[in-house]
Amino acid sequence: EIIFSRELEGENVIRLPHRMISRKHAVVQWSSDFDTFTLRDEGSRAGTYIQIKKLEIADEDILEMGNFQYSFERLDPRAKTLVIKILEAFTPEKQNLVGFEYSVDFKVKKIWTIGRSESCDVILKDIYVDPIHAEIVWNVEGPVLIVKTSKLVWKRVSPSRTKSEEITIPPFDIEETSMKIRIGEKFAYIKFE
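Criteria and thresholds
Residues numbered from 1 in each chain as written. Predicted model: local features only at pLDDT ≥ 70, side-chain atom pairs only at ≥ 80, totals over all residues. Heavy atoms only, no water. Helix = DSSP H or I, 4+ residues; strand = E, 2+ residues; numbered from the N terminus. Rg over C-alpha atoms; globule rule 2.2 N^0.38 Å. Buried < 20%, exposed > 50% of the residue type's maximum accessible area, 1.4 Å probe, protein only. Contact = heavy atoms within 4.5 Å. Pairing = 2+ DSSP bridges.

Chemist: Go over the overall build of the protein with me, naming the residues and quoting the values.
Modeler: Helix and strand counts for the protein stand at zero helices and 18 strands. On C-alpha atoms alone, the protein measures out to a radius of gyration of 17 Å, which is about the 16 Å that the 2.2 N^0.38 rule sets for 193 residues. C-alpha extents for the protein along the principal axes are approximately 55 × 40 × 30 Å. Here the protein holds 193 residues, and the buried ones make up 47% of them. Restricting to contacts in the protein with at least 6 residues of sequence separation, those with at least 24 account for 45%.

In structure tokens, the structure reads:
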């Protein structure tokens with residue numbers, strides 16, 4: 001077990017002395033039974049994030065793209081609809097967009113694009129968002145977000161101050177040999193060997 005912490009010390013602790021890191025922020029564990037790593041947020045305020053390239057969207061998932069944090073809400077598998085809501089804007093000039101919602105209806109359109117371009121279905125006017133940053137498609141299980149850029153897209157492991165379930169990382173099939181996680185504002189790499 002490896003603990004990410006602002007002030008704890010020990011052989012299995014990675015100290016990150018930063019105001020955005022909680023006393024006991026997150027834990028990464030190796031499971032030899034399943035040959036996998038697990039990640040758990042310990043109820044931090046600033047959050048623990050994993051870099052994603054593809055994600056099966058669940059109700060209340062929280063993602064960051066560029067200077068925005070947004071959630072997927074009111075996912076209705078029968079109606080094939082969901083709502084994307086901007087939760088936070090990290091720059092003062094974008095604060096007016098907080099609370100804005102995009103309604104996504106997969107009966108109307110099978111592929112929804114997210115990006116900076118005026119041709120996108122969900123437009124995020126931000127220099128850190130590519131013209132077409134991601135797509136959302138509906139598969140048999142429900143909506144899937146597919147990142148279309150090399151820029152980072154982050155999934156928050158749990159809501160603020162909420163201890164998360166253990167999640168297996170990587171949480172999707174990847175060909176890469178490492179994965180980036182973010183503990184508050186600090187980055188860590190997990191290498192798969």
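Chemist: Account for the environment of Val129, naming residues and giving values.
Modeler: For Val129, the position within the fold is in the loop between β12 (122-123) and β13 (134-138). In sequence terms Val129 and Thr48 are 81 residues apart; their C-alpha atoms lie 21 Å from each other. Residues within four places of Val129 in sequence aside, it is in contact with Met65, Gly66, Gly115, Arg116, Leu124 and Lys151.

Chemist: Give a description of the pairing of strand β1 (residues 2-5) that names residues and reports values.
Modeler: One ladder, built from three bridges, connects β1 with strand β3 (residues 26-31); its direction is antiparallel. Note on β3: the bridge partner recorded for Phe4 is Ala26. Pairing of β1 with strand β2 (residues 13-15) involves three bridges; the strand directions are parallel. By the bridge assignment, Phe4 is partnered in β2 with Ile14.

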